[in-house]
Amino acid sequence: LGGGGDGVKFIGGSTSKAVTPLLDALAKLNTDGGIWSVALGNHDWGKGTTKKLLKLFPALEAIDLGVAKKVSHHHRLSDWDLQAVPALRKFKWHWAYDCDESKLMQIVRGREMLEELELERAEGMGETSPHSGLTDTLLIELGKNCPNLKSLTLKGHLDFSDKGLDALLGGCRQLEKLKLSTATIFHPRLSRIRLSPVCVDAIRARGFRMADLAPYSLKSSDDTRLLVSPAQFFGLTSMSSYTEVSNAEATTQDSFYPYA
């Protein structure tokens, strides 16, 4: 257990531990309810853990769930509504298996104060899991609801296109960091980012490097030749009307773009 300022951090080791006893102990210290930032380690989530956490920290603004286990299994984020956590600015979770996108909207809708969203391993636990995939819907809702979003990191089963990225860039004008990764364990064939050359140009025009979104699929057109050299263009792997752009290729292309 570590602390500093008005924040508290539960330090977990390699062995998963129950978090409820720690919350009970901290309740005796947080008499004024002033702690606004909580970070967890490797802890197991119980059925009543979320309600206990939110009751204990009524001024919560920043939560880092770390690799806390079973969070989705017990409440699928349904407890994190705007009324329960009205001042949420930062939400991080690096073990977002079985993260249901529809319940994730509790973290997004009405969140004008949200500045940072970070999810890793956001995929269904198993090939047939019904709770899998982050889609354009999430990016569209972020664009509609989170004008002060500064940092977005999403890693897992993604299904993004121009529609979602355009909405994100259009609505989140304060965005400074954008990192997307389609790396998954259970859904490698379904996870994808498919973009047009126009959308890629718009992303780069905002100062974001495409290497932070690679690998991605680039829609094939005559304009594609303007983005890469002839050798690179003909070396890309064909995929229907799209060509796959690797991280190495995106890094090379980024080096030629005149970032401001």
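Here is what the cut-offs are and how they apply
Residues numbered from 1 in each chain as written. Predicted model: local features only at pLDDT ≥ 70, side-chain atom pairs only at ≥ 80, totals over all residues. Heavy atoms only, no water. pLDDT = per-residue confidence, 0-100. Contact = heavy atoms within 4.5 Å. Phe/Tyr/Trp six-rings, centres within 6.5 Å; stacked < 30°, edge-to-face > 60°. Helix = DSSP H or I, 4+ residues; strand = E, 2+ residues; numbered from the N terminus. Buried < 20%, exposed > 50% of the residue type's maximum accessible area, 1.4 Å probe, protein only. Salt bridge = Lys/Arg side-chain N within 4 Å of Asp/Glu carboxyl O. Arc of directions from axis to C-beta. Pairing = 2+ DSSP bridges. Core = buried A, V, L, I, M, F, W, Y, C linked by side-chain atoms within 4.5 Å.

**Considerations on the confidence of the model for the protein**
Piece 1. For the protein, per-residue confidence averages 83 on the pLDDT scale, and 78% of positions sit at 70 or higher.
Piece 2. Per-residue pLDDT stays below 50 along residues 223–227; that stretch engages in 11 contacts with residues further than four places along the chain or on separate chains.
Piece 3. When the criterion is pLDDT under 50, residues 233–239 qualifies, and its contacts beyond four places in sequence or with other chains add up to 13 contacts.

**Looking at the packing of aromatic side chains**
Piece 1. Counted according to the given criterion, the structure contains 3 aromatic pairs.
Piece 2. Arranged with centres 5.6 Å apart and planes meeting at 80 degrees, the rings of W80 and F91 form a pair that is edge-to-face. Of this pair, W80 sits in the loop between α3 (71–75) and β7 (90–93) while F91 sits in strand β7, and the two are 11 residues apart along the sequence.
Piece 3. Look at W80 and you get buried, because its relative accessible area is 0%.
Piece 4. By relative accessible area, F91 is classed as buried at 0%.
Piece 5. Here the aromatic rings of Y97 and F186 are separated by 6.4 Å at their centres, their planes lie at 70 degrees, and the arrangement is edge-to-face. Here Y97 is found in the loop between β7 and α4 (101–108), whereas its partner F186 is found in the loop between β12 (177–181) and β13 (192–195), with 89 residues between them in sequence.

**Thoughts on the pattern of salt bridges**
Piece 1. All chains considered together, the criterion is met by 8 salt bridges.
Piece 2. D79 is the partner of K51 in a salt bridge, and the nearest nitrogen-oxygen pair spans 3.0 Å. Here K51, found in helix α2 (residues 49–56), pairs with D79, found in the loop between α3 and β7; they are 28 residues apart in sequence, far enough to count as distant.
Piece 3. Salt-bridge contacts for E141 lead to R109; the nearest nitrogen and oxygen are separated by 3.2 Å. Within this pair, whereas E141 is found in helix α5 (residues 136–145), its partner R109 is found in the loop between α4 and β8 (116–122), the two being separated by 32 residues in sequence.
Piece 4. By relative accessible area, R109 is classed as partly exposed at 43%.
Piece 5. Among the charged side chains, a network of salt bridges with common partners joins E61, R89 and E115.

**Points about helix α6 (residues 162–171)**
Piece 1. Buried within α6 are the following residues: G164, L165, L168 and L169. For α6, the angular spread of buried residues about the axis comes to 125 degrees, placing them on one side.
Piece 2. In this structure, the buried residues of α6 make contact with α5, β10 (151–156), β11 (158–161), β12, β13 and α7 (197–205).

**Side note on unusual backbone geometry**
Generally, phi is negative for residues other than glycine and the peptide bonds are trans, each holding for most cases.
Piece 1. In the segment running from A214 into P215, the intervening peptide bond is cis, with an omega of 0 degrees.
Piece 2. You can see P215 is positioned in the loop between α7 and β14 (216–219).
Piece 3. Unlike most non-glycine residues, R121 shows phi in positive territory, near 60 degrees.
Piece 4. Take R121: it is sitting in strand β8.
Piece 5. Here R121 falls in the partly exposed class, since its relative accessible area comes to 33%.

**Focus on the pairing of β13**
Side-chain direction in a regular strand flips from residue to residue, so the side chains alternate between the two faces of the sheet.
Piece 1. A one-sided burial pattern is seen for β13, the buried positions being I193 and L195 and the unburied ones R192 and R194.
Piece 2. Judged from the 3 bridges that link them, β11 and β13 form a sheet pairing that is parallel. Along β13, the bridge assignment pairs D159 with R192.
Piece 3. In this structure, β13 lies alongside β14, joined through 2 bridges in parallel fashion.

**A closer look at the nonpolar core**
Piece 1. In terms of nonpolar packing, the biggest core is built from 62 residues, with F91 and L165 touching the most fellow members.
Piece 2. Residue contributions to this core peak at 4 residues, all from α4.
Piece 3. Those residues in contact with F91, other than ones at most four positions away along the chain, are I63, L65, L77, W80, I107, E116, L117, E118 and L119.

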